[in-house]
Amino acid sequence: MRILVAGATGVVGRPLVGTLRARGHEVSALVREESRAPDADRVVVADALDREAVLSAVSAARPEVVVHQLSALRLLRDDPPEAFARTARLRTEGTAHLVEAARAAGARRLVAQSIAFAAAPAGPAVLDEDAPLYADAPDPGWAATVRAVAELERLTLSGDDLGGLVLRYGTLYGPGTAYARDGGTGQRVLAGKLPLPEGGAGITSFLHVEDAVGAAVAAVESAATGVLHLADDEPAPAAQWLPQYARALGAPPPRTIPAAMAPRLLGWFMAHQLTAARGAAADRARAALGWKPLRPSWRDGLGQE
Ligand SMILES: NC(=O)c1ccc[n+]([C@@H]2O[C@H](COP(=O)([O-])OP(=O)(O)OC[C@H]3O[C@@H](n4cnc5c(N)ncnc54)[C@H](OP(=O)(O)O)[C@@H]3O)[C@@H](O)[C@H]2O)c1
């Protein structure tokens, strides 16, 4: 198939281009800077926020399938407000440009990256894809992020002519991610600066980056549409994963803090993740894509790379 990958220099995008090519697909890489492009059958250059540039790049690639792996979350370490603001624009404007360009180029399918941890923290500990999103989160920054995620999903699923599939990835770990030893969260834990709020009841569903790539390949090659969670088989409360992650990194054990202090000490989102977040059930992806994680448990790798 002719496939265009937007975000082809990213943590997921770069290995995805290589894997799709190894499987015999003809892959175009959409990048901002040609010099950073991965090996691809074709490189097209566009800033995703520039509508004309996206229309022209996608039309040159004539893809049958468009894959959207755009984010600006790499900026999180240096400038979190800018990382979230820019990622929100990529999810809204960037997705709108890709959808319009995909249609204009005659693509028949769009696969877009979303997140599996945007659900409102209500009901069971592990939620499926139908759970409401946390668009009214008390933190304005997170509420804006969730609304942008909802818009990405709405745009991706708009219209039957372009079969849309949303891949809601769990919390990514592995090389190049925030949870790698040299990533933002890894460094924070190594420095003893990620304490555990008392109880540590927030649930995280992890996904190794290789499994994110595998899921994206399965998604491209399937005819599935709709919204799917992609996560490992072991949603875990912070009280379990954070101490084990610290041990695997060789970091000091996380100290315990009163839960009420967590938002002030950790920031709203991390406090939410560690105290209240729900996990993501990924059974539908197993059935719809015939996919299963090669790393069924975060226990076998989190903190080891
Ligand atoms: N589910 C999750 O846990 C989750 C989800 C997303 C991200 N993350 C975290 O965020 C970090 C990055 O992961 P990621 O794969 O999303 O992001 P990434 O590795 O930074 O990849 C994002 C891609 O989007 C591209 N991009 C950004 N702005 C663009 C623009 N205006 N026009 C065109 N392309 C643009 C980047 O290109 P350039 O190389 O030109 O910047 C890059 O190819 C990791 O630490 C990961 O753990 C986590």
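Residues numbered from 1 in each chain as written. Predicted model: local features only at pLDDT ≥ 70, side-chain atom pairs only at ≥ 80, totals over all residues. Heavy atoms only, no water.

Student: A description of the site of the ligand should follow, citing residues and the corresponding values.
Tutor: Close contacts around the ligand come from 26 residues, with T9, V11, R32, R36 and G170 the closest. With respect to the ligand, the side chain of T9 contributes an N or O atom lying 2.5 Å from an oxygen atom. At 3.0 Å, a side-chain N or O of D47 approaches a nitrogen atom of the ligand. Isolated, the ligand exposes 880 Å² of accessible area, and the fraction of that covered by the protein chains is 93%. Its residues assigned to classes, the shell around the ligand comprises 12 nonpolar, 10 polar and four charged. (Near = heavy atom within 4 Å. Polar contact = N/O pair within 3.5 Å; in protein donor to acceptor, adjacent residues only side chain to side chain. Areas by Shrake-Rupley, 256 points an atom, 1.4 Å probe, with all protein chains shown as cover. Nonpolar A, V, L, I, M, F, W, Y, C, P; charged D, E, K, R; others polar.)

Student: Explain the sheet that holds strand 2 (residues 26-31) residue by residue, including any values.
Tutor: Read from one edge of the open sheet, seven strands run 3-2-1-4-5-7-12, paired in parallel fashion. The sheet terminates laterally at strand 3 (42-45) and strand 12 (226-230), the two strands that pair on one side only. Neighbouring strand axes in the sheet, compared pairwise and without regard to direction, differ in orientation by 20° on average. Sheet topology note: the strand 1 (residues 2-6)/strand 2 ladder contains five bridges and is parallel. Bridging across to strand 2, I3 finds its partner in V27. Where helix 1 (residues 13-22) meets the sheet, it contacts strand 1, strand 2 and strand 4 (65-68), and its direction lies at approximately 170° from that of strand 1. (Pairing = 2+ DSSP bridges. Helix = DSSP H or I, 4+ residues; strand = E, 2+ residues; numbered from the N terminus. Axes fitted to C-alpha atoms, helices over the stretch in contact; angles between N-to-C directions. Contact = heavy atoms within 4.5 Å.)

Student: So what's going on with the pairing of strand 4? Which residues, and what values?
Tutor: Along a regular strand, successive side chains alternate from one face of the sheet to the other. Neither face of strand 4 is open: one carries V65 and V67, the other V66 and H68, and all of them are buried. Note: strand 1 against strand 4, four bridges, orientation parallel. Its bridge partner lying in strand 4, A6 is registered against H68. Across four bridges, the pairing between strand 4 and strand 5 (residues 109-115) is parallel. Bridging from a neighbouring strand, V66 pairs with L110 of strand 5. The parallel pair strand 4 and strand 5, bridged by helix 3 (residues 80-104), forms a crossover whose chirality is right-handed. (Buried < 20%, exposed > 50% of the residue type's maximum accessible area, 1.4 Å probe, protein only. Right-handed = clockwise from strand over helix to strand, strands pointing away.)

Student: Give me the packing of helix 2 (residues 51-61) against helix 3: which residues, what numbers.
Tutor: Helix-helix packing: each pair is described by the crossing angle between the helix axes and the interaxial distance. As a packed pair, helix 2 and helix 3 sit with axes 9 Å apart at the nearest point and diverge in direction by 35°. When you trace helix 2 past helix 3, the crossing you get is right-handed. Contacts between helix 2 and helix 3 involve R51, V54, L55 and V58 from the former and H97, L98, E100, A101, A102 and A104 from the latter. The class makeup of the residues in the contact of helix 2 with helix 3 is seven nonpolar, one polar and two charged. (Left-handed = near helix turned anticlockwise from the far one by under 90°.)

Limitation: the analysis is restricted to geometry and does not speak to function.
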